[in-house]
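# Fold and geometry: a report
Letter by letter, the chains look like this.
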Amino acid sequence: EPPALDALVAKLETSPHSLAILDDADDVLETAADLVKRCRSSAPGVCFLVTARAPLGVRGVLVVDVCPLPPAAARTLFLSLARDAVPPDDPAVPDP
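Counting from 1, residues in each chain are numbered in the order their sequence is written. With pLDDT at 70 or above as the cut-off, local features in this predicted model cover only qualifying residues; side-chain atom pairs require 80 or more to be listed or tallied, and sums for whole chains, interfaces and linings still use all residues. Note that water and hydrogens are dropped before the side-chain values are worked out from all heavy atoms of the structure.

What follows concerns the nonpolar core. Counting 16 residues, the largest nonpolar core has Leu12, Ala32, Leu35, Cys39, Val46, Leu56 and Val58 as the members making the most contacts within it. For the purposes of this entry, the term helix denotes a DSSP run of H or I that reaches at least four residues, the term strand denotes a run of E that reaches at least two, and both are numbered from the N terminus. Secondary-structure elements contributing two or more residues to this core are helix 1 (3-13), strand 1 (19-22) and helix 2 (29-42). No other element matches the six residues that helix 2 contributes to this core. Between two residues, a contact is recorded if the distance between any of their heavy atoms is within 4.5 Å. When sequence neighbours within four positions are dropped, the list of residues in contact with Ala32 reads Leu22, Ala25 and Leu56. Buried Ala, Val, Leu, Ile, Met, Phe, Trp, Tyr and Cys residues that are joined via side-chain atoms within 4.5 Å together make up what is termed a nonpolar core. A 1.4 Å probe rolled over the protein chains alone gives each residue an accessible area, and that area as a share of the maximum for its type sets the label: buried under 20%, exposed over 50%, partly exposed in between.

And the structure:
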């Protein structure tokens, strides 16, 4: 086990009513699954929200498939988020 994973489990054990978010876990899917399994027994009050293209493969985990947005809606959402992430006078973000 990587020391960082052990440290994270130890921290979650002291935070029993926490939400742990593992975003874009595709490259670390096996480690994410191990973390969820370990915390189920040692920190059962911790909830996980994991985003990945593939399921974790952990028994009892709720899997919610999310369909991609239509291209026009995806562009609108992306531009909206980009505008929120930069100063309003930044010329790098185009008008809608």
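Summing up the model confidence of the protein chain, the mean pLDDT is 87 and the portion of residues at 70 or higher is 89%. Per residue, pLDDT measures the predictor's confidence, with a range of 0 to 100. By mean pLDDT, helix 1 is the weakest element of the protein chain at 88, and strand 2 (residues 47-50) is the strongest at 94.

Time to look at the pairing of strand 1. Residues Ala20 and Leu22 line the buried face of strand 1, whereas the alternating positions Leu19 and Ile21 sit on a face that is not buried. A pair of strands is labelled paired if DSSP reports no fewer than 2 bridges between them. Inspection of the sheet shows strand 1 paired to strand 2 by four bridges, in the parallel sense. Among the inter-strand pairings, Ile21 is bridged to a residue of strand 2, identified as Leu49. Handedness of a crossover is defined as follows: orient the strands so they point away from the viewer, and if the path from the first strand over the helix to the second runs clockwise, the crossover is right-handed. What joins strand 1 to strand 2 is helix 2, and the crossover it makes is right-handed.

So, on to helix 2. For a helix, the expected span equals 1.5 Å multiplied by the number of residues minus one. Over its 14 residues, helix 2 extends 20 Å from the first C-alpha to the last, a length consistent with the 20 Å expected when each residue adds 1.5 Å. Those residues of helix 2 not exposed but buried are Leu29, Ala32, Ala33, Leu35, Val36 and Cys39. Buried positions in helix 2, seen along its axis, are confined to an arc of 160° and lie on one side of it. In helix 2, the exposed residues that point more than 90 degrees away from the buried face are Glu30 and Ser41. Along its buried surface, helix 2 packs onto helix 1, strand 1 and strand 2. Arc, as used here, means the arc of the directions from the helix axis to the C-beta atoms.

Right, let's talk about the pattern of salt bridges for a bit. The salt bridge criterion pairs a side-chain nitrogen of Lys or Arg with a carboxyl oxygen of Asp or Glu, the two atoms within 4 Å. Within the structure shown, the criterion is met by one salt bridge. Notably, a salt bridge pairs Arg38 with Asp6, separated by 3.0 Å at the nearest N-O pair. One end of the pair, Arg38, is in helix 2; the other, Asp6, is in helix 1, and 32 residues separate them in sequence. Look at Arg38 and you get partly exposed, because its relative accessible area is 27%. Assessed through its relative accessible area of 33%, Asp6 is described here as partly exposed.

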